[in-house]
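Examination of the molecular architecture
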Amino acid sequence: MSLVIADVLSAPRQAWRRFADWLHARMPKGLYARALLIVILPVVLLQSAVAYVYMERHWEVMTYRLSGAVARQVATIVDIYQTFPDDAAHSQLRRIAALDLNMELSLLPKEPLPEPLTKKPIFSLLDKALSIELSRKLLQPYWINTGFSSDRLEIRVAMNDATLRMLVFRTHAYASNSYIFFMWMAIASVIILAIATSFLRNQIRPILRLAHAAEEFGKGRDVQFSPRGAREVRQAGAAFVEMKRRVERAIEQRTTMLNGVSHDLRTIITRFKLSLALMAEASETSEMRKDVDEMERMVEAYLAFARGDGGETSTPTDIKAILEELKADTERRGEAATLHVEGDPIVVARPAAIKRLLANLVGNAQRYGKALAFSLVNDGESMIVHIDDDGPGIPVERREDAFRPFYRLDESRNQDSGNSGLGLAIARDIARSHGGDITLDRSPLGGLRATVTLPI
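So, here's what we can say about the structure. (Residues numbered from 1 in each chain as written. Predicted model: local features only at pLDDT ≥ 70, side-chain atom pairs only at ≥ 80, totals over all residues. Heavy atoms only, no water.)

Moving on, we come to the overall build of the chain. The helix and strand inventory of the chain stands at eleven helices and eleven strands. By the burial criterion, 34% of the 456 residues in the chain qualify as buried. Counting contacts in the chain only where the partners sit at least 6 residues apart, residues at least 24 apart contribute 64% of the total. When the accessible surface of the chain is totalled, it reaches about 27100 Å², and 59% of it is carbon and sulfur. (Helix = DSSP H or I, 4+ residues; strand = E, 2+ residues; numbered from the N terminus. Buried < 20%, exposed > 50% of the residue type's maximum accessible area, 1.4 Å probe, protein only. Contact = heavy atoms within 4.5 Å. Areas by Shrake-Rupley, 256 points an atom, 1.4 Å probe, with all protein chains shown as cover.)

As structure tokens, this is what we get:
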């Protein structure tokens, strides 16, 4: 039994889920558009409900009441016509109709009434209301023409010896000033929406400024930001400013500490080197000098990795100029190199850090390859730099491991190579500090392709 109930309920759930997915796909994605929709939708629904109630209730009731009054006047004219047959010229009847009832009366010869109009005019409610009210008040056949003119309507009543033709002002039978209600409703809606749009724009602008400041800070760029807007937005802005201050203070403290560590370690290494210089030449001292030199390289590499380039200011940087310099250096080493550039090569970044990033990647390519190719593409959203070599490459399953600090792909861990295992780690750290990243892939030259992506 429970399975049957579950099957019965699953269809409405699936239908609702499909409808929700369809609606979600068509909803605006921006906060400003969604907030504006939240304001507009209730106003439209409210105005529609008010208009419907007005049309169905007030307007219809008023039209029926006015049509009932006109029907009573017509019935009065018919009653007077029947009650006073001695007035052959019907001058008194015309006078009463013109002065007291404000309608134009004329007597036509006895003739059949026109056929009912098949095409209803735009005042169909008036046709319906007036027909109902005349049917209640008159026993004689009648005919109405609500489209007679823009300000009058025509009513004919078939008597025994003549046809009464009455021209009645439309305002007597129809609530014609209803357009004023709709006009004021439309004006009020426009004013409300204009005020709401202005207020929403002012409330959204501080959120956009906060998002821009957070994005720029995530790219390693200095940005001036002060909290503004509503209380909640100011609180979020103040939290961002405090977070930014703490991050900068932590970086400054780390840099100061590492500078101290660097000084102490360099002092100890200098003592080792001085002691070795005073010792007599021997095979042991030669090996110790190699170890001290390797230790010095590793210490410098580690401090550079841990310290980064946080103290540098972001400025417009010409990536093409850096790649041309690295290309010239590659050619001086006796290796072939090419450079291809598409789009604007300028990006806002820390110049020394970007140069170090690219130098690490190019140095890694120079170490394992004999032919290198550099390419730079600016697609309007990001700066993409490819560095290709024709070396042995890196297996797919070990490409992410290559970014780990002190990780070496060379299983022999040859210390004479001068490779500390921090080049790719430092490069990715710099790229991510700018809001970008580095990925490794198969190169068209057969070796390794290092792709640097930096936001514009």
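Now for the packing of helix 9 (residues 319-332) against helix 10 (residues 351-368). One way to put it is that helix 9 packs onto helix 10 with a least axis distance of 10 Å and a crossing angle of 35 degrees. Here the hand of the crossing between helix 9 and helix 10 comes out right-handed. Counting all contacts with helix 9, which are made through Ile 319, Ile 322, Leu 323, Glu 325, Leu 326, Asp 329 and Thr 330, the residues of helix 10 involved are Pro 351, Ile 354, Lys 355, Leu 358, Ala 359, Val 362 and Gln 366. Per-class residue counts for the contact of helix 9 with helix 10 are nine nonpolar, two polar and three charged. (Axes fitted to C-alpha atoms, helices over the stretch in contact; angles between N-to-C directions. Left-handed = near helix turned anticlockwise from the far one by under 90°. Nonpolar A, V, L, I, M, F, W, Y, C, P; charged D, E, K, R; others polar.)

Put simply, side chains in a regular strand alternate between the two faces of the sheet. As paired elements, strand 10 (residues 437-442) and strand 11 (residues 448-455) share six bridges and run antiparallel to each other. When the bridges of strand 11 are listed, Asp 441 appears paired with Arg 449. Count of turn residues in the strand 10/strand 11 antiparallel hairpin: five residues, of which Gly 446 carries a positive phi of about 105 degrees. (Pairing = 2+ DSSP bridges.)

If you trace the four strands from one edge of the open sheet to the other, you get 1-4-3-2, paired in antiparallel fashion. Two strands bound the open sheet, and with one partner strand each, they are strand 1 (103-109) and strand 2 (142-145). Averaged over all pairs of adjacent strands, the angle between their axes in this sheet comes to 20 degrees, without regard to strand direction. Looking at chain direction, strand 2 and strand 3 (residues 152-158) are connected through four bridges and run antiparallel. Paired with Tyr 142 across the strands is Val 157, a residue of strand 3. Across the sheet, helix 4 (residues 124-137) is in contact with strand 2 and strand 3; its angle to strand 2 comes to roughly 160 degrees.

Under the defined criterion, the tally for this structure stands at two aromatic pairs. Here Phe 217 and Phe 240 contribute two aromatic rings whose centre-to-centre distance is 6.2 Å and whose plane-to-plane angle is 90 degrees, an arrangement assigned as edge-to-face. With Phe 217 in helix 6 (residues 178-218) and Phe 240 in helix 7 (residues 231-278), this pair connects stretches of sequence that are 23 residues apart. What makes Phe 217 partly exposed here is its relative accessible area of 21%. (Phe/Tyr/Trp six-rings, centres within 6.5 Å; stacked < 30°, edge-to-face > 60°.)

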